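Topology and contacts: notes
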Amino acid sequence: MAFLSKGVHSMWRSTKLLQTLLPQVSQSFLCSSSELSSSSNSESESSVSLESGSHVIDTERIRNRKLLYPPQHSCDRIQSWVSTLSRLQDDKVGIIDLHPSIFGVHPRLDIIHENVKWQQKFRNIDFSRVRTRAEMPGGGRKPWRQKGTGRARHGSIRSPLWNKGGAAKGPRGPTSNFYMLPFGIRVLGLRTALSCKMAQNDLHIVDSLYIPAEDPDYLRDLVKSRAWGYSLLLVDDNDEVPQRLANALQQIPEYNVMPAYGLNVYSMLKHETVVLTFSAVEKIEERLLYHLHRSGCVQQKFRLPL
């Protein structure tokens, strides 16, 4: 009984101690949480513009995004995470819907091949050139008279029939291999390449191209931590690259950046990972959907401007 009374007395003392300490602990916890919220608010308020040392993430714009020409069936819905380049960790800042007519097309390898072959051919110039009989030196006089010698008739030793004579039908460069792929095939090639990259998890979307430091090691560590592969293609909606990113990319030849209006099939296949900004996604969808739904003929013949 003495043991029980002693235990009850110790429990009563511990209960009294907790009753006295609990208000202080709760008050200190509330103070620390209020300080934490105020510090986080101050951090969010201290974020200003793109190049001033901090970064603003427009989550409201990401959340309220509306699709142009929305799909008829809900089963065609495609979504993707939106991350940020301002931190090494792969922090997600939102999720957006992608149009299935742009990022969910059935893969057509023949269309991709046609686009790649077209891009490789039209940029090549054949400079091969041989001289005709008129451009060869010598051969001005007739080698022998026309009749009476028993030999064949010849008028010049620079004839194509002679050794060291001019060429009759040789290449006359520079020759261009330019031809224009039909417009519908080019549009379908872009849609197919984007869909293949999305299906292979090699297409990622970021809020902007802002990075906190211009050190190229930061970009290498970021790509390595997110397993984006060896080569990287960054695409933005305009051709103005942030200064820090431009300085970092100058020392990394396998990382490239281009505007959305220059996006092409060959560049997407050449790089292992394609990273689009949120603005670039809107620009690409807007232009491709316009050409898919416009009233004009997409298969019209290409004509050079006069």
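In this structure, Leu98, Phe103, Leu194, Val235, Leu263 and Leu276 are the most contacted members of the largest nonpolar core, which totals 33 residues. If we ignore the near neighbours within four places in the chain, the residues touching Phe103 are Ile78, Leu98, Leu194, Ser195, Met198, Leu203, Leu276, Val281 and Glu285. Judged by nonpolar contacts, the second largest core, of 17 residues, contains Leu85, Leu209, Ile211 and Leu245.

With that settled, the discussion passes to the packing of helix H4 (residues 109-122) against helix H5 (residues 183-199). Interaxial distance between H4 and H5 falls to 9 Å at its minimum, and their mutual angle equals 115 degrees. In terms of their interaxial angle, H4 and H5 are classed as roughly perpendicular. In this structure, H4 meets H5 at a crossing whose hand is left-handed. Note on element contacts: H5 touches H4 through Ile185, Arg186, Leu188, Gly189, Thr192 and Cys196, opposite Ile111, Ile112, Glu114, Asn115 and Trp118. By residue class, the composition of the contact of H4 with H5 is 6 nonpolar, 3 polar and 2 charged.

So, about the packing of H5 against helix H9 (residues 278-293). Put simply, H5 and H9 touch, their axes get as near as 11 Å, and they point 140 degrees apart. Judged on the interaxial angle alone, H9 and H5 are oblique. Crossing geometry of H5 relative to H9 is assigned as left-handed. In this structure, H5 uses Phe183, Val187, Leu190, Arg191 and Leu194 to contact H9, whose residues at the interface are Ile284, Leu288, His291 and Leu292. Tallied by class, the residues present in the contact of H5 with H9 amount to 7 nonpolar, 1 polar and 1 charged.

With that settled, the discussion passes to helix H6 (residues 216-225). Inspection of H6 places Pro216, Tyr218, Leu219, Leu222 and Val223 among the buried residues, and these make up the whole buried set. The buried residues of H6 occupy an angular sector of 155 degrees when projected down its axis, which confines them to one face. Of the surrounding secondary structure, the elements contacted by the buried residues of H6 are strand E6 (232-236), helix H7 (243-249) and strand E7 (255-259). Of the residues flanking the end of H6, it is Ala227, one or two places downstream, whose phi is positive at about 55 degrees.

Rules behind the numbers
- Residues numbered from 1 in each chain as written.
- Predicted model: local features only at pLDDT ≥ 70, side-chain atom pairs only at ≥ 80, totals over all residues.
- Heavy atoms only, no water.
- Core = buried A, V, L, I, M, F, W, Y, C linked by side-chain atoms within 4.5 Å.
- Buried < 20%, exposed > 50% of the residue type's maximum accessible area, 1.4 Å probe, protein only.
- Contact = heavy atoms within 4.5 Å.
- Axes fitted to C-alpha atoms, helices over the stretch in contact; angles between N-to-C directions.
- Helix = DSSP H or I, 4+ residues; strand = E, 2+ residues; numbered from the N terminus.
- Parallel < 35°, antiparallel > 145°, perpendicular 65-115°, else oblique.
- Left-handed = near helix turned anticlockwise from the far one by under 90°.
- Nonpolar A, V, L, I, M, F, W, Y, C, P; charged D, E, K, R; others polar.
- Arc of directions from axis to C-beta.

The values reported here are purely geometric and, on their own, carry no functional implication.
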